[in-house]
Amino acid sequence: MQDRLTIARPYTEAAFEYAKENGITEDWEKFLVSLFEVVQHPDLGSLIGHPKVSKAVILSIIVDMFGNKLDKQKVNFVTLLINADRLQLVQEVSELFNSRCAEMAGLVNIEVTSAFDLTSEESGQIKHAIGNRLGKNCQITGKTDLSLIGGAVIKIGDSVIDLSLRGRLAALESELG
């Protein structure tokens, strides 16, 4: 996952700088979410990267799926991703773009994955602790993953803090092995 974020970062930065300079970051946030949905479409997903389907055909299909909602810059961005074989990174580009927009607004997005649903008190404590540490307002998104057994994994931008029991057991196994 980290490698994908690293590869996606330059594309995100280019899109973000363009959108910021032109005052259209909100429009580009929506566009990138929509592009991810289009790329995830089952009919298109099987064609992306297929050796018998040209990049021009993929671009044409994506443009058609958007109808007349893509301006020249968005078509150029999609073309860039297709030509660089990076269309599969649209989710990471979108997530990084959203993080940059939140950062610009003075917000930090925190993703907390825990074995069980967090109570509002637990969410508040995490939000408060990280907000104080970073000196920013925080937004928390919670997910559950029973395989964590207990504890939580906290993701802040590119940083991951693994406080899960599964993570601790893996670290112990690594030390003993």
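Just above sits the structure.
The present account deals with the structure reproduced in this document. Worth saying up front: this structure is predicted, and the values here are computed from it rather than measured.

## Some points on the pairing of strand 1 (residues 107-114)
Piece 1. Pairing of strand 1 with strand 2 (residues 137-144) involves 8 bridges; the strand directions are parallel. Pairing of glutamate 111 across the sheet is with threonine 141, part of strand 2.
Piece 2. Assessed by its sense of winding, the connection that carries the chain from strand 1 through helix 7 (residues 120-134) to strand 2 is right-handed.

## Here we look at the pairing of strand 4 (residues 159-162)
Piece 1. As paired strands, strand 3 (residues 152-156) and strand 4 are joined by 4 bridges and run antiparallel to one another. Bridging across to strand 4, valine 153 finds its partner in aspartate 162.
Piece 2. Turn length for the strand 3-strand 4 hairpin, with the two strands adjacent in sequence and antiparallel, is 2 residues, and the turn residue glycine 157 shows positive phi of about 60 degrees.

## Overview of the layout of surface pockets
Piece 1. What the largest pocket holds in volume is close to 650 Å³.
Piece 2. As for the largest pocket, its lining consists of 24 residues, and the residues nearest its centre are Glu95, Leu96, Ser99, Asn109 and Gly157.
Piece 3. Secondary-structure elements contributing two or more residues to the lining of the largest pocket are helix 1 (2-21), helix 6 (90-104), strand 1, strand 2 and strand 3.
Piece 4. In terms of residues, the lining of the largest pocket owes the most to one element, helix 6, which gives 8 residues.

## Considerations on the pattern of salt bridges
Close approach of charged atoms allows side chains of opposite charge to pair.
Piece 1. In total, this model carries 9 salt bridges according to the counting rule given.
Piece 2. A salt bridge links arginine 100 to glutamate 17, with the nearest nitrogen and oxygen atoms 3.4 Å apart. Note that arginine 100 is positioned in helix 6 and glutamate 17 in helix 1, a separation of 83 residues in sequence.
Piece 3. Look at glutamate 17 and you get partly exposed, because its relative accessible area is 30%.
Piece 4. One salt bridge in this structure joins glutamate 26 and lysine 30, with 3.6 Å as the shortest N-O distance.

## Thoughts on the nonpolar core
Piece 1. Grouped together as the largest cluster of nonpolar side chains are 29 residues, with contacts concentrated most on Phe31, Leu35, Ile62, Phe77, Leu87 and Phe97.
Piece 2. Listed by contribution, the elements that provide at least two residues to this core are helix 1, helix 2 (25-40), helix 4 (55-66), helix 5 (72-83) and helix 6.
Piece 3. Not counting chain neighbours up to four residues away, the residues in contact with phenylalanine 97 comprise Thr12, Ala15, Phe16, Ala19, Thr25, Trp28, Glu29 and Leu32.
Piece 4. Counting residues in hydrophobic clusters, the runner-up holds 9 residues, among them Val108, Ile130, Cys138 and Ile156.

## Describing the packing of helix 2 against helix 5
Piece 1. Running from amino to carboxyl end, helix 2 crosses helix 5 at an angle of 45 degrees, the nearest separation of the two axes being 12 Å. The orientation of helix 2 relative to helix 5 falls into the category oblique. In the crossing of helix 2 with helix 5, the sense of the turn from one axis to the other is right-handed. When helix 2 is examined against helix 5, the residues Asp27, Trp28, Phe31, Leu32 and Leu35 are found in contact with a partner set consisting of Gln73, Lys74, Phe77, Val78 and Leu81.

## Examining the environment of glutamate 122
Piece 1. Within the fold, glutamate 122 resides in helix 7.
Piece 2. A residue is classified by how much of its surface remains accessible, and glutamate 122, at 36% relative accessible area, is partly exposed.
Piece 3. Side-chain polar atoms of glutamate 122 contact the backbone nitrogen of threonine 119, separated by 2.9 Å.

## Let's talk about the sheet that holds strand 3
Piece 1. Judged by pairing direction, the sheet is mixed, and its 4 strands sit side by side in the order 2-1-3-4 without closing on themselves. Across the chains shown, the open sheet's two edge strands, defined by having one partner strand only, are strand 2 and strand 4. Direction aside, the axes of adjacent strands within the sheet are offset by 20 degrees on average.
Piece 2. Summarising the sheet, strand 1 and strand 3 pair through 5 bridges and their orientation is antiparallel. Across the sheet, threonine 113 pairs through a bridge with valine 153, a residue of strand 3.

Conventions and cut-offs
- Residues numbered from 1 in each chain as written.
- Predicted model: local features only at pLDDT ≥ 70, side-chain atom pairs only at ≥ 80, totals over all residues.
- Heavy atoms only, no water.
- Pairing = 2+ DSSP bridges.
- Helix = DSSP H or I, 4+ residues; strand = E, 2+ residues; numbered from the N terminus.
- Right-handed = clockwise from strand over helix to strand, strands pointing away.
- 1 Å grid on protein atoms, 1.4 Å probe; cavity = no way out; pocket = protein on both sides within 12 Å on 5 of 7 lines; lining within 4 Å.
- Points joined across faces, edges and corners; volume = space filled by probe spheres on them.
- Salt bridge = Lys/Arg side-chain N within 4 Å of Asp/Glu carboxyl O.
- Buried < 20%, exposed > 50% of the residue type's maximum accessible area, 1.4 Å probe, protein only.
- Core = buried A, V, L, I, M, F, W, Y, C linked by side-chain atoms within 4.5 Å.
- Contact = heavy atoms within 4.5 Å.
- Axes fitted to C-alpha atoms, helices over the stretch in contact; angles between N-to-C directions.
- Parallel < 35°, antiparallel > 145°, perpendicular 65-115°, else oblique.
- Left-handed = near helix turned anticlockwise from the far one by under 90°.
- Polar contact = N/O pair within 3.5 Å; in protein donor to acceptor, adjacent residues only side chain to side chain.

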